[in-house]
There are 4 protein chains.
Amino acid sequence: MLLKTEKEFEIRFSEVDSMGIVWHGAYPLYFEDAREKFGKEFNLEYLYMFEHGFYAPLVELHFEYKRPLKYKDRAKIEIAYRNTDAAKLIFDYTIRSLPDNQIVASGYSVQVFLDKTFNLMWELPEFFKKWKNFYLK
Amino acid sequence: MLLKTEKEFEIRFSEVDSMGIVWHGAYPLYFEDAREKFGKEFNLEYLYMFEHGFYAPLVELHFEYKRPLKYKDRAKIEIAYRNTDAAKLIFDYTIRSLPDNQIVASGYSVQVFLDKTFNLMWELPEFFKKWKNFYLK
Amino acid sequence: MLLKTEKEFEIRFSEVDSMGIVWHGAYPLYFEDAREKFGKEFNLEYLYMFEHGFYAPLVELHFEYKRPLKYKDRAKIEIAYRNTDAAKLIFDYTIRSLPDNQIVASGYSVQVFLDKTFNLMWELPEFFKKWKNFYLK
Amino acid sequence: MLLKTEKEFEIRFSEVDSMGIVWHGAYPLYFEDAREKFGKEFNLEYLYMFEHGFYAPLVELHFEYKRPLKYKDRAKIEIAYRNTDAAKLIFDYTIRSLPDNQIVASGYSVQVFLDKTFNLMWELPEFFKKWKNFYLK
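Reference entry: report on the structure contained in this document. Quick caveat, the model's predicted, so the values are computed rather than measured. Position numbers for residues start from 1 in each chain and track the written sequence from start to end. Key to labels: chains lettered from A, ligands numbered from 1, both in the order written. Two thresholds apply to this predicted model, a pLDDT of at least 70 for residue-level local features and 80 or more for giving and counting side-chain atom pairs, whereas whole-chain, interface and lining totals are computed over all residues. Heavy atoms from the whole structure form the basis of all side-chain values; hydrogens and water molecules are not counted.

### A look at the overall build of chain A
Convention followed: Under the scheme used here, helices are H or I runs from DSSP no shorter than 4 residues and strands are E runs no shorter than 2 residues, and both carry numbers assigned from the N terminus. Here a residue-residue contact requires only that any non-hydrogen atoms of the pair lie within 4.5 Å. Surface accessibility in these figures is a Shrake-Rupley result with a 1.4 Å probe; residues are shielded only by whichever protein chains are displayed. His is not counted, nor are the chain ends; Lys and Arg add positive charge and Asp and Glu add negative charge. Taken as the charge location is NZ of Lys, CZ of Arg, CG of Asp or CD of Glu.
A count of helical and extended segments in chain A gives three helices and seven strands. Dimensions along the principal axes, computed over C-alpha positions, put chain A at roughly 45 × 30 × 20 Å. Put simply, of all contacts in chain A between residues at least 6 apart along the chain, 68% involve residues at least 24 apart. Carbon and sulfur atoms provide 53% of the accessible area of chain A, an area that totals close to 6500 Å². When the 20 positive and 21 negative side-chain charges of chain A are each reduced to one mean point, those points stand 3 Å apart.

Here you go:
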């Protein structure tokens, strides 16, 4: 089963640079907003993980910029869970301009699991195994 | 005795908006950088206050914008401690463009003291009385 | 007639500082979002003013912080147009936590009008007189 | 010849998240600061390219996070020009904590050249050929 969701947003004045387009450094925020949305829909929020004893810091983040977004543009970001056997949490992202639905950017993020004393988990934490069993089977 | 210091900085690309001038929302960061510099010089850093059992959150922040700053402009921010009998920490700021030294912005900030259970201090914490005695007399 | 509107929002992870509360420097963005919403509802967007030949840069910005907002908190920001005879555009803001509706912050902003060669307007631009006649009478 | 430079910096309070470490979304800014430094040293600043008729927007950006940085940590970022025959501008970055010099993050960025009507250049612009001849031979 494919786990994915999406979120619409509008470009803010503060996100646009002096060339009139969204500054590339604003995209990590769009990706984070998408992860929030995903976490809310599929019960995988930061606080939920933390209650189970784990942090899930980003270890890798990748962006490809294909077309610029401008002030007042409307866009949507799609986020999809990428399944893996590794003890990692990987998401793929696609940002599309609206209403024409053209791809403007894409990317992915990789998170690992740390316990509360900041040890890296080499195997999936139990809570996350259960999460996968529940949502992916 | 007047406690003050200053810091030079250069405008970053990411701080400039689509009109080619520094976005007004970047100035809180300049003020914070100035407080950092002050804290370092006059032994009043966040971590120092925290070690003495106190937070000093901002409760008021004021900006006046007189001239725009542009990408690559050089500027300096001056910060001065404003003495008061109240249990507050007040700073005045002036930002000047360089090398012409014209005022581009000014403002002030007000901080209060909270103990570690977030109770507001109505009187000066002991550590801050000592600080004032040391630096102001 | 009182011109005002409001906008709900949720605190993002990136807006929270190491004390677990919203960094004071995030509030200019909340205010700007409120101005956007106001502009959209009352036909006073940046681009609209620009098409009429004017910029409306911020010249004054004031914040009072009363209670902290935390990650995942829901809040709303209210924005109200403050009428004045001066050639200025003034807004008052109130941020309230939800659902308890308590005030967490307030403030105001002052904008002036510049023409496209960056001359300060000492009198109301025509387009803004018309706007006031339309919306305020 | 290897073109590279480096810049030291200190972690600001506003860059740290609620887990007490630098928010991943702050790193694009560190990379940009490094490009600025490089541009200044090797005569390849945004404005310089623009004067020659070209923009150089980012089309790809990649981060790997190995260790967290905390408030007040000192770090340095190294930037190196990666030579390529393609009509691209590629930089590699390494961020190291100080004074222990351990790698905390790395990554790369890819820029392309657009002319002033936003057409993608499939071949190196003349000014950039000259730049390469001057600096790389």
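Read on for the rest.
### Some details on empty space enclosed by the protein
Selection rule: Using a 1 Å grid laid over the protein atoms alone, points where a 1.4 Å probe fits but cannot get out form a cavity; open sets with protein on both sides within 12 Å along at least 5 of 7 lines form a pocket; any residue with an atom within 4 Å of a point counts as lining. Grid points are joined across faces, edges and corners, and a volume is the space filled by probe spheres set on the points.
Inspection of the entire model under this criterion finds five cavities of 30 Å³ or more. Reported here for the largest cavity is a volume of approximately 1000 Å³. What lines the largest cavity is a set of 38 residues, and nearest its centre among them are W23(A), W23(B), W23(C), W23(D) and L29(D).

### Regarding the environment of I11(C)
All names here are of chain C. Positionally, I11 belongs in the loop between strand 1 (4–10) and helix 1 (27–41). For the pair I11 and L69, spaced 58 residues apart in the sequence, the C-alpha separation amounts to 7.5 Å. Setting aside anything within four residues of it in sequence, one finds I11 in contact with V16, V22, Y30, L69, K70, Y71, K72 and D73.

### Let's talk about the relation of the copies chain D and chain A
Note the cut-off: C-alpha atoms of residues with pLDDT of at least 70 in both copies form the basis for the least-squares superposition of the copies.
Its rotation angle being 180°, the transformation that places chain D on chain A also includes 0.0 Å of axial translation and leaves an RMSD of 0.0 Å. Here the symmetry operator amounts to a two-fold rotation axis. Every residue of chain D has its C-alpha some distance from the rotation axis, and the shortest such distance is that of H62(D), at 2.3 Å. A shared interface surface links the copies, since 100% of the contact residues of chain D are contact residues in chain A too.

### Quick notes on the interface of chain D and chain A
Just so we agree on the cut-off: A 1.4 Å probe defines the accessible area here, and the buried area is the portion of it lost by two parts on being joined, summed over both. Polar contacts, as counted here, are pairs of nitrogen or oxygen atoms within 3.5 Å of one another; within protein the pair requires one atom able to donate a hydrogen and one able to accept it, and residues that are adjacent in sequence qualify only if both atoms are side-chain atoms. Note on residue classes: Ala, Val, Leu, Ile, Met, Phe, Trp, Tyr, Cys and Pro are nonpolar, Asp, Glu, Lys and Arg are charged, and everything else, Gly too, is polar. Pairing between strands is defined by DSSP: at least two bridges between them are needed.
Listed as interface residues are 18 residues of chain D and, on the opposing side, 18 residues of chain A. Carbon and sulfur atoms make up 67% of the area that chain D and chain A hide from each other, which totals about 1700 Å². At the boundary of chain D with chain A, the tally comes to seven residue pairs in polar contact (both at pLDDT 80 or more). Mapped onto the side of chain D that touches chain A, the elements with two or more residues apiece are helix 1 (27–41) and strand 3 (58–65) of chain D. Here the element with the most residues in the side of chain D that touches chain A is strand 3 of chain D; it accounts for eight residues. Of the residues belonging to the side of chain D that touches chain A, the class tally is eleven nonpolar, three polar and four charged. The pairing of strand 3 (residues 58–65) of chain A with strand 3 of chain D spans five bridges and is antiparallel. Bridged to L61(A) within strand 3 of chain D is F63(D).

### Thoughts on the interface of chain C and chain B
Where we set the bar: Only one rule defines a salt bridge in this text: a Lys or Arg side-chain nitrogen within 4 Å of an Asp or Glu carboxyl oxygen.
In this complex, chain C contributes 18 residues to the contact, which on the side of chain B involves 18 residues. For the chain C face of the interface with chain B, the top three residues by lost area are H24(C), L61(C) and Y65(C), together amounting to 27%. At the junction of chain C with chain B, the criterion picks out zero salt bridges. Viewed at the interface, chain B and chain C are joined by seven residue pairs in polar contact (both at pLDDT 80 or more). Within the residue set of the side of chain C that touches chain B, elements represented by two or more residues are helix 1 and strand 3 (58–65) of chain C. No other element matches the eight residues that strand 3 of chain C contributes to the side of chain C that touches chain B. Looking at the side of chain C that touches chain B, its residues break down into eleven nonpolar, three polar and four charged.

### A word on the pattern of salt bridges
Rule in force here: Buried means the residue's accessible area, taken with a 1.4 Å probe over protein chains only, is under 20% of the maximum for its type, while exposed means over 50%, and partly exposed covers the values in between.
Taken as a whole and judged by the stated rule, the model has 56 salt bridges over all chains. Notably, a salt bridge pairs D33(D) with R12(B), separated by 2.2 Å at the nearest N-O pair. One end of the pair, D33(D), is in helix 1; the other, R12(B), is in the loop between strand 1 (4–10) and helix 1 (27–41), on a second chain. Each member of the pair, D33(D) as well as R12(B), is classed as buried. The salt bridge partner of E32(D) is R35(D), with a shortest N-O separation of 3.5 Å. Here E32(D) and its partner R35(D) are both found in helix 1, three residues apart, which amounts to about one turn of the helix. Here E32(D) falls in the buried class, since its relative accessible area comes to 2%. A network of salt bridges, in which partner residues are shared, links E6(A), K76(A), E78(A) and R96(A).

### So, helix 3 (residues 126–136) of chain A
Residues and elements named next belong to chain A. Condition: By construction, the arc corresponds to the directions joining the helix axis to the C-beta atoms.
Listing the buried residues of helix 3 in full gives F127, F128, W131, K132, Y135 and L136. Projected onto a plane normal to the axis of helix 3, the buried residues spread over an arc of 135° and lie on a single side. Every exposed residue of helix 3 that faces more than 90 degrees away from the buried side is listed here: K130, N133 and F134. Next to the buried residues of helix 3 lie helix 1 (27–41), helix 2 (46–51), strand 2 (54–55), strand 4 (74–82) and strand 5 (88–98).

### Points about the environment of Y48(C)
Residue and element names in this part refer to chain C. You can see Y48 is positioned in helix 2 (residues 46–51). Sequence spacing of Y48 and F127 is 79 residues, and the spatial spacing of their C-alpha atoms is 9.8 Å. If we skip the residues at most four places from it in the chain, Y48 touches N43 and F127.

### As for the sheet that holds strand 6 (residues 103–112) of chain A
Heads up, the rule is: To obtain an axis, a line is fitted to C-alpha atoms, over the contacting stretch when the element is a helix, and the angle between two such axes runs from 0 to 180 degrees between their N-to-C directions.
Strand order in the open sheet formed by ten strands is 1(A)-4(A)-5(A)-6(A)-3(A)-3(D)-6(D)-5(D)-4(D)-1(D), with antiparallel pairing between adjacent strands. Whereas interior strands pair on both sides, the edge strands pair on one side only; in this sheet they are strand 1 (4–10) of chain A together with strand 1 (4–10) of chain D. Averaged over all adjacent pairs, the angle separating strand axes in this sheet is 15°, with direction ignored. The sheet contact formed by strand 5 (residues 88–98) of chain D and strand 6 (residues 103–112) of chain D spans nine bridges and is antiparallel. Within the sheet, the bridge partner assigned to K88(D) lies in strand 6 of chain D and is V112(D).

### Some details on the sheet that holds strand 1 of chain C
Strand order in this open sheet of ten strands is 1(B)-4(B)-5(B)-6(B)-3(B)-3(C)-6(C)-5(C)-4(C)-1(C), and the pairing throughout is antiparallel. Strands with a single pairing partner mark the edges of an open sheet, and in this sheet they are strand 1 of chain B together with strand 1 of chain C. Averaged over all pairs of adjacent strands, the angle between strand axes in this sheet comes to 15°, irrespective of strand direction. Relative to strand 5 (residues 88–98) of chain B, strand 4 (residues 74–82) of chain B runs antiparallel, the two being bridged by nine bridges. By the bridge assignment, E78(B) is partnered in strand 5 of chain B with T94(B).

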